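Structural overview for review
Okay, here's what each chain looks like letter by letter:
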Amino acid sequence: YRLLNFIYTLVILSEVILFLFQQNLSIQFFPNNSIFAILLSSQIAFIIPAFFNKPDSSLSRLLLILIILIACFALVKTNGRAGWIGLVGALLFLYYILNQNFSKNVVVFAAIIFISLCAFLFWYKSSSSNGRLLIYKVVVSELSPKDLVIGIGYGQFKVKYNQLQSSYFGHHDI
C-alpha cells in the first residue's frame, strides 16, 4: 500500500511539473487545460484520504501536504472551473464518508460553500459562462422535445447547432 501511494504521488507530481513547465519545455502536455483540471482534481481527491490515514512518518505527511498544495496551485493555473467544482464536490463526499454523523448545520454550510463556489466560477469566466448559457438556451428553445429526449445522432451537434442558432436569432435579438 505504501509503495502504491508513493508511485501515485510521483505520478501526480510529474504531471503537475510537466503542466507548469510546458511552455519552457516547448511541449503541449494536455490539449485542453479543463480536462487536465478534472484529472488533477480527481487525483487530489484520491490522495487526500492518504493524508488522513496517518502516514508512517512526519516526512510522509509533509510530502503529502506539499503534493496537495502544489497540485492545488496547478489546478488554479489551469483555469478549469469544472475541476474546482469536482474537487469541492469530491471533498464534500469524502467528508460525508469519513463523518457519518452529519448535522443540519454542516449540510447548510456545505451547500452555501458549493453554491458560492459555483457563483464565483460563473463570475470568474463570465463571457465563457454566458456563451455556454446561450448554447443551452438555443438548444432548449429550438430543438424539438423528441430530439431533446432521444438526441440528434452521433457527431451531429456541430451541424445541427448552426441551424438551431440561425433559427433562434431569426426571431430573437442579438
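The notes below deal with the structure included here. Fair warning: this is a prediction, and the values are worked out from it, not measured in the lab.

Definitions and limits used
Numbering of residues starts from 1 in every chain and runs along the sequence as written. Two thresholds apply to this predicted model, a pLDDT of at least 70 for residue-level local features and 80 or more for giving and counting side-chain atom pairs, whereas whole-chain, interface and lining totals are computed over all residues. Neither water nor hydrogens contribute to the side-chain values; these are computed over all heavy atoms in the structure. Patch members must show over 30% relative accessible area and no salt bridge, and they are joined within 9 Å when carrying like charges or within 5 Å when they are nonpolar side chains of Val, Leu, Ile, Met, Phe, Trp or Tyr. What sets the accessible areas is the Shrake-Rupley method with a 1.4 Å probe; for residues, cover comes only from the shown protein chains. Think of a salt bridge as a Lys or Arg side-chain nitrogen and an Asp or Glu carboxyl oxygen that are within 4 Å of each other. The helix count covers DSSP runs of H or I at least four residues long, the strand count covers runs of E at least two residues long, and both are numbered beginning at the N terminus. Under the convention used throughout, the expected extent of a helix is 1.5 Å for every residue step, that is, one less than its residue count. Burial status follows relative accessibility: with a 1.4 Å probe on protein chains alone, a residue under 20% of its type maximum counts as buried, one over 50% as exposed, and anything between as partly exposed. What the arc covers is the set of directions going from the helix axis to the C-beta atoms. Here, two residues are considered to be in contact whenever any of their heavy atoms come within 4.5 Å of each other. Stacked, tilted and edge-to-face are the three classes applied to pairs of Phe, Tyr and Trp rings, where Trp contributes its six-membered ring and a pair requires centres within 6.5 Å; stacked means planes under 30 degrees apart, edge-to-face means over 60, and tilted covers the rest. To obtain an axis, a line is fitted to C-alpha atoms, over the contacting stretch when the element is a helix, and the angle between two such axes runs from 0 to 180 degrees between their N-to-C directions. The scheme is simple: roughly parallel for angles under 35 degrees, roughly antiparallel for over 145, roughly perpendicular for 65 to 115, oblique for anything else. Handedness of a helix crossing follows the sense of rotation of the near helix relative to the far helix, less than a right angle counterclockwise being left-handed and clockwise being right-handed. Note on terminology: a nonpolar core comprises buried Ala, Val, Leu, Ile, Met, Phe, Trp, Tyr and Cys residues joined through side-chain atoms within 4.5 Å.

Here the focus is a nonpolar patch on the surface. Together, Leu3, Phe6, Ile7, Leu10 and Val11 make up an exposed nonpolar region whose accessible area comes to about 460 Å². As for its placement among the helices and strands, Leu3 is situated in helix α1 (residues 2-20).

The α-helix advances 3.6 residues per turn, and as a result positions three or four apart in sequence lie on the same side. Its 21 residues place the ends of helix α6 (residues 104-124) 30 Å apart at the C-alpha level, agreeing with the 30 Å of an ideal helix rising 1.5 Å per residue. Turning to α6, its buried residues number three or more, namely Ala110, Leu117 and Leu121. Each buried residue of α6 sits inside an arc of 30 degrees when the element is viewed along its axis, so together they form one side. Exposed and facing more than 90 degrees away from the buried side of α6 are Lys104, Asn105, Ile115 and Trp123. Turning to α6, the residues buried within the fold contact α5 (81-98) and α7 (126-142).

A few words on the packing of aromatic side chains. Tallied over the entire structure, the rule returns 3 aromatic pairs. When the ring of Phe157 is compared with that of Tyr161, the centres are 5.4 Å apart and the planes differ by 25 degrees; the resulting orientation is stacked. In this pair, Phe157 and Tyr161 are both assigned in helix α9 (residues 157-170), 4 residues apart and thus about one turn of the helix distant. Its relative accessible area of 42% is what places Phe157 among the partly exposed residues. Between Tyr168 and Phe169 the ring centres are 5.3 Å apart and the planes differ by 75 degrees, which places this aromatic pair in the edge-to-face class.

Okay, the packing of helix α3 (residues 33-52) against helix α4 (residues 58-78) next. Two elements in contact, α3 and α4, have axes separated by 10 Å at closest approach and are oriented at 160 degrees. Considering the angle they form, α3 stands roughly antiparallel to α4. Considering how the two elements wind past one another, α3 and α4 form a crossing that is left-handed. In this structure, α3 uses Asn33, Phe36, Ala37, Leu40, Ser41, Ile44, Ile47, Ile48, Ala50 and Phe51 to contact α4, whose residues at the interface are Arg61, Leu64, Ile65, Ile67, Ile68, Ala71, Cys72, Ala74, Leu75 and Thr78.

Next up on the list: the nonpolar core. Counting residues in hydrophobic clusters, the biggest one holds 21 residues, and the most contacted among them are Ile12, Leu40, Ile44 and Ile68. At the level of secondary structure, the elements contributing two or more residues to this core comprise α1, α3 and α4. Here Ile44 is in contact with Ile68, Ala71, Cys72, Leu75 and Leu87, once residues within four sequence places are set aside. Counting residues in hydrophobic clusters, the runner-up holds 6 residues, among them Val138, Val139, Leu143 and Tyr168.

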